[in-house]
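Read off the chains here:
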Amino acid sequence: MTIEQHRDYDHELQRLEETKTYIQFVLHESEHNEDAFRADIKEAYQRLNSLDSSEGYIALLTSAKFLDMTQQSLRQLQQVQQRPYFCRIDVRPEHTETIQPLYIGKASLFRPDTQEPVIVDWRSPIANVYYEGRIGEISYETTTGTERGELYRKRQYTIDKGQLQDFRDIDITTRDELLQESLGGSADSRLKDIVSTIQEEQNRVIRAEMYRPMIVQGAAGSGKTTIALHRIAYLIYTYGDKFNPDQFMILAPHQLFLKYIADVLPELGVDAVRQTTYIDFVSEGLGKKLNLADPNERLFRFLNGDEDTEQLKFVSLYKGSVAYKQQIDDYLEALTVRMLPQKDFKLGKHMLYAVADLRKFFREDYVRLPIYKRVEKIKKILADRLKVKKKQMLQEIVDHYDHEIDQAFARYKVPEQRRTQVVKLMDAKENLLKKVEALSKTLVKEYMTQFPKQDLIAHYREFLQGLPDESLQYLQTYTTALLDKKQMELEDTPALLYLQHKLFGLKEEFKIRNLVIDEAQDYSVFQLVTLKEVLGTEMFTILGDLSQGIHSYRGVQSWEEVLREVFPSGNCNYLVLEQSYRTTVEIMELANRVIVHSNTPGLVLAKPVVRHGEQPTQEVFTEEQALIAQVLADVLELKGQGLGSMAVIGKTMAECQRIKERFDALATHLSIQVLDEKEDYAGNDVVIVPSYVVKGLEFDAVFIVNLEEQYTADDLDVKLLYVAMTRPLHRLFVYSMAGQTGLLDVI
């Protein structure tokens, strides 16, 4: 049966046209409202300059708020007018006989006269019924409590460019079919929203309680990144009266990843959320651009099996540990003791502040301030007290000598004696006044010399030099040598950011109250503790996959450690996403056969959605030209089949450059680009990507190519191969030169 033959077709077509017409009407009215609000703001500014400023200020704030609401609503409606909703639920609330059809989309729209919902926002409490409810009795949570009722229908729509193309009533079976149809589409160079296909386990993460931190261990392809972005949109919608979007921040692994996710939040009607990388965040906090050694350089050394591999692994692991933080805390405590005031603050013989009082200021009253801000506070206190005391002393000197002069006039009858004594007293008064003024000018400065100031790097050097344990000698020598070259490593950044926070305060004041960290398995516990400390919040959403922990030598070893050390109160919510939605059963089974060779603690294998495809192609070549020619032939064939994005994954950047040279030698007409962490891959027929950069990305088809490098049974290699194998949506090819099969022979 075609859609036109469905008994509800005319009704659904009419409903869509009415909705589109009403949106156009609202957009037109909104534009007029915006003009009116701008006029109100102009008038409010004029009134603000009048004598009655309070009334003008209130009018200004009110008009500005309405203008912002109008602009936001306008943008949302403009975005959805060609696809105003994606589903419908028919619900009968408890204690009523009326069945209400509710159309759910990415915006809210009500008729102002009746408050009848035209479109219900997907983030609203009632919309949760679509994602988790079953036909029959339902309940859902609202801000006022639990609502109950009965669900009669779930219907999903396919609307494209304003045209109704299909609709169907869904149950569990039909929902699986819709999901598979969605997953059967093509990957893009930009991540898309998934509001119409959010799964129940994903929905629980998105709508989880805001005021508890959350860790999500999600399998490759479980939608961690997408879920995180939808969670932000949900929280801003639900708690918009308590938080502004600019109080949310996303920390992404690199710029390529940020470009990949850039469109999702605007599509969901959310603007102003801060999106940055961890390195850029640290740079802002320190107030300077970091001269970081290539964060992947250490990875290369491990892959090459350099002689100092084990020592470097220890350095990376230790610098990210709670033990390293504790040693920094010990250094800061010793520094605090060393920085305590050592003497009374006096002006001549006059006591202005006893040393005990100044120590109390430093140790107790201002303990929440960074150390050098405490010093600045002490300086201000001294200056303020000196200013008051100096004025008082000067007046006392004047009063004293004026009295003595009056006495001299009365005591001495002989004019010459009187004149001599008065001049003497006046000179003494002038000299004493000058002395007090002179002492006062330098008194605070001289007192503050007992607080010598060093910059951040000098303190870090001093800390390193004071490490007591002989086992840390290599760490000390290695790091000091880097600092001598005015360099540092990613592993040093939590220590530096923590020291900056404790010593000086951050250069940039971050008003972030909710933090989302993606690819969190690559963060150390010290990094997470430092972020919590400097931001002053524990409202974290942490997403990662230990199976993809290619930087496990410096990253999280287990989520249990994070729960214990970062969130010791026990308030943190821990969720596991096992379902993988990205790739086919056949590809995921091969990837799982790889990851079981890793040392991942508590390994949980991904469970693919039942979407079948072709078996991954594995082939060994004796000639490089033949291998590259096969890749090109496959790319052309796949493009002919309608597949779009193609990636060739080499183990390292050097391997990727070799692959690019071989492609160039064949003079192909395809556009081919080698990507690093800063590049964008839109507009290319094929991209060539190192295995350690490709995390979080996805493509229609992936070619894992091994020309001169292979994946061994080493834990790092196993995880790199697993990451590469879990990138394709539809097709996977593994092409190796003879002698470069390595781990592939085992699986």
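Residues numbered from 1 in each chain as written. Predicted model: local features only at pLDDT ≥ 70, side-chain atom pairs only at ≥ 80, totals over all residues. Heavy atoms only, no water.

- Looking up the protein chain in an unreviewed UniProt entry gives the name DNA helicase-2/ATP-dependent DNA helicase PcrA, with the organism given as Tumebacillus permanentifrigoris.

**Regarding the sheet that holds strand β9 (residues 248-252)**
- Ordered by their spatial adjacency, six strands build an open sheet running β10-β9-β13-β14-β8-β15, and the pairing between neighbours is parallel. For this open sheet the edge positions go to β10 (274-277) and β15 (573-577), each flanked by a neighbour on one side alone. If you compare each strand with its neighbour and ignore which way they point, the axes differ by 15 degrees on average.
- Across four bridges, the pairing between β9 and β10 is parallel. Bridged to L251 within β10 is T276.
- Against the sheet, helix α9 (residues 278-286) contacts β9 and β10, and its axis sits at roughly 95 degrees relative to β10. (Pairing = 2+ DSSP bridges. Helix = DSSP H or I, 4+ residues; strand = E, 2+ residues; numbered from the N terminus. Axes fitted to C-alpha atoms, helices over the stretch in contact; angles between N-to-C directions. Contact = heavy atoms within 4.5 Å.)

**Points about the packing of helix α12 (residues 322-339) against helix α18 (residues 493-503)**
- Two numbers describe how α12 lies on α18: the axes approach to 11 Å, and their chain directions differ by 30 degrees. Put simply, α12 runs roughly parallel to α18. Between α12 and α18 lies a crossing of right-handed hand. Contacts between α12 and α18 involve Y324, K325, I328, D329, Y331, L332 and L335 from the first element and A495, Y498, L499, K502 and L503 from the second.
- Along the lines of polarity and charge, the residues of the contact of α12 with α18 split into nine nonpolar, no polar and three charged. (Parallel < 35°, antiparallel > 145°, perpendicular 65-115°, else oblique. Left-handed = near helix turned anticlockwise from the far one by under 90°. Nonpolar A, V, L, I, M, F, W, Y, C, P; charged D, E, K, R; others polar.)

**Digging into the domain arrangement of the protein chain**
- According to the domain assignment, the protein chain consists of domain 1 (1-81), domain 2 (87-192), domain 3 (224-329 + 459-577), domain 4 (342-448) and domain 5 (585-745).
- Placing the centre of domain 3 and that of domain 5 at their C-alpha centroids yields a distance of 28 Å.
- Residue-level contacts link 22 residues of domain 3 with 27 residues of domain 5.
- Between domain 3 and domain 5, the buried area comes to about 2,200 Å², and carbon and sulfur atoms account for 62% of it.
- Among the residues domain 3 hides against domain 5, the three largest losses belong to L256, S547 and I550. Together they make up 29% of the total.
- Across the domain 3-domain 5 interface, the total number found is two salt bridges.
- We note a salt bridge from K695 to D522, for which the minimum N-O separation is 2.1 Å.
- Between the two partners, domain 3 and domain 5, sit three residue pairs in polar contact (both at pLDDT 80 or more). (Domains from an automatic or database assignment. Buried area = accessible area lost by both parts, 1.4 Å probe. Salt bridge = Lys/Arg side-chain N within 4 Å of Asp/Glu carboxyl O. Polar contact = N/O pair within 3.5 Å; in protein donor to acceptor, adjacent residues only side chain to side chain.)

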